[in-house]
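What follows is the residue order along each chain.
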Amino acid sequence: MPEREDDHLTPATRLLEKRREMAEVDQALLAQKEEFQMKMESLQQRREELERKECDLKEQLLKFDHFLKENDSKKARALKKADEERDSKKHKDKEIEKLKVEKSKLEKDKSKLQEKLDRFKIYHTYMEKVLEAGEEFGEMRDIIARYDTLTATHEEKDNEILSCNNQLSGLQTQLDTAQSEAVKWESAWTHIKNTAATKTLTLGRIKMAARNLYQLVKRHQRQSAEEEETHEQLAQIQMFLFDLKDIVQELKRSDTFVSSAYVPSSS
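Nothing here was measured: the structure is a model prediction, and the numbers come from that model.

**Side note on the overall build of the protein chain**
Across its full length, the protein chain carries four helices and zero strands. Going residue by residue from the N terminus, the α and β elements of the protein chain occur as α-α-α-α. Taking the contacts inside the protein chain whose residues are at least 6 apart along the sequence as the reference set, 8% of them involve residues at least 24 apart. Looking at the protein chain as shown, the accessible area adds up to about 24900 Å², and 58% of this sits on carbon and sulfur atoms.

This is the structure in structure tokens:
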């Protein structure tokens, strides 16, 4: 039906209508373009805002990470410092205990020195009285010098006595050694005398036995036994034994010869 209506329109009207439609289309396109441009600008703004927020977020994340790292570093430094302070406290506590012990020792030493000072006050008072009573000493240092002189003299005497005692000890040692040597040599001399007596007795027995053998030999030889030295008697006894040995061997040979001569033949 619209086509039929267009059929009744003139070409000019149609052209105007087309132009109007084109204008409406252009206007609609322009409106859409502007709307699209506005949307693009809005999107660009949102993108930029998102990028800015992203940058801010990254920056905040970096700052937070830096904060965490710095916090960890501070925590580590704090822990290290706490450990150092704890160690330092322990060291100081030990030093305090050591100082307390030293203080106690010093107080004891002070107490001892005070007691010694109290004891020495008697001598100080005595020396003051000596100065007041006599005219020999003008000052207390004179008394001390005199005391030092007497002490030195006493020490010299003590040294002399000690030297004499040392010499006496050395002489006593030599005497003990000499007495020990005397006992040793006396024992050795007794042993020598006992040994000599034993050997003399043995020698006497040997001489007696040699004399008896000598007399037997002479009696066998039918000779008179003369008084001779023991070694000569032994020499003659030895010669007799050699002769007797030769005779025995000769007799053995003779017996062997006779036995072989009288053996009967086997035939």
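**Observations concerning the environment of L234**
Here L234 lies in helix α4 (residues 230–261). For L234, a relative accessible area of 42% gives the class partly exposed. Each C-alpha atom, one on L234 and one on R211, is 8.6 Å from the other, the two residues being 23 residues apart in sequence.

**Observations regarding a nonpolar patch on the surface**
A grouping of F36, M40 and L43 is seen on the molecular surface, where their side chains present a nonpolar patch of about 300 Å² in accessible area. You can see F36 is positioned in helix α2 (residues 11–133).

**Observations concerning the pattern of salt bridges**
A full pass over the atoms with the stated rule returns eleven salt bridges. E17 is the partner of R20 in a salt bridge, and the nearest nitrogen-oxygen pair spans 1.8 Å. Highlighted residues: R20 and E17, both in helix α2, separated by three residues, approximately one helical turn. The exposure class of E17 is partly exposed, given its relative accessible area of 29%.

**Section: the side chain of Q233**
Tracing the chain through its elements places Q233 in helix α4. When sequence neighbours within four positions are dropped, the list of residues in contact with Q233 reads A210, R211, Y214 and E228.

**Notes on α2**
With 123 residues, α2 ought to run about 183 Å at 1.5 Å a step, and its terminal C-alpha atoms sit 170 Å apart, in line with that. At F120, α2 is bent by approximately 30°, the largest bend along its length.

**A short note on the confidence of the model for the protein chain**
Low pLDDT marks regions whose predicted coordinates should not be analysed in detail. Mean pLDDT over the protein chain stands at 79; residues scoring 70 or higher make up 85%. No element of the protein chain has a lower mean pLDDT than helix α1 (residues 2–8), at 52, and none a higher one than α2, at 86. Counting contacts from residues 261–267, a segment whose pLDDT is below 50, to residues more than four positions away or on other chains yields zero contacts.

**Considerations on the side chain of T230**
Locating T230 in the fold gives a position in helix α4. Relative accessible area serves as the criterion here: at 19%, T230 is assigned to the buried category. Excluding residues that lie within four positions of it along the chain, T230 makes contacts with K207 and A210.

What counts and what doesn't
- Residues numbered from 1 in each chain as written.
- Predicted model: local features only at pLDDT ≥ 70, side-chain atom pairs only at ≥ 80, totals over all residues.
- Heavy atoms only, no water.
- Helix = DSSP H or I, 4+ residues; strand = E, 2+ residues; numbered from the N terminus.
- Contact = heavy atoms within 4.5 Å.
- Areas by Shrake-Rupley, 256 points an atom, 1.4 Å probe, with all protein chains shown as cover.
- Buried < 20%, exposed > 50% of the residue type's maximum accessible area, 1.4 Å probe, protein only.
- Patch = residues over 30% accessible without salt bridge, like charges linked within 9 Å, V, L, I, M, F, W, Y side chains within 5 Å.
- Salt bridge = Lys/Arg side-chain N within 4 Å of Asp/Glu carboxyl O.
- Expected span 1.5 Å × (residues − 1).
- Bend = angle between axes of the 7 residues up to and from the residue.
- pLDDT = per-residue confidence, 0-100.

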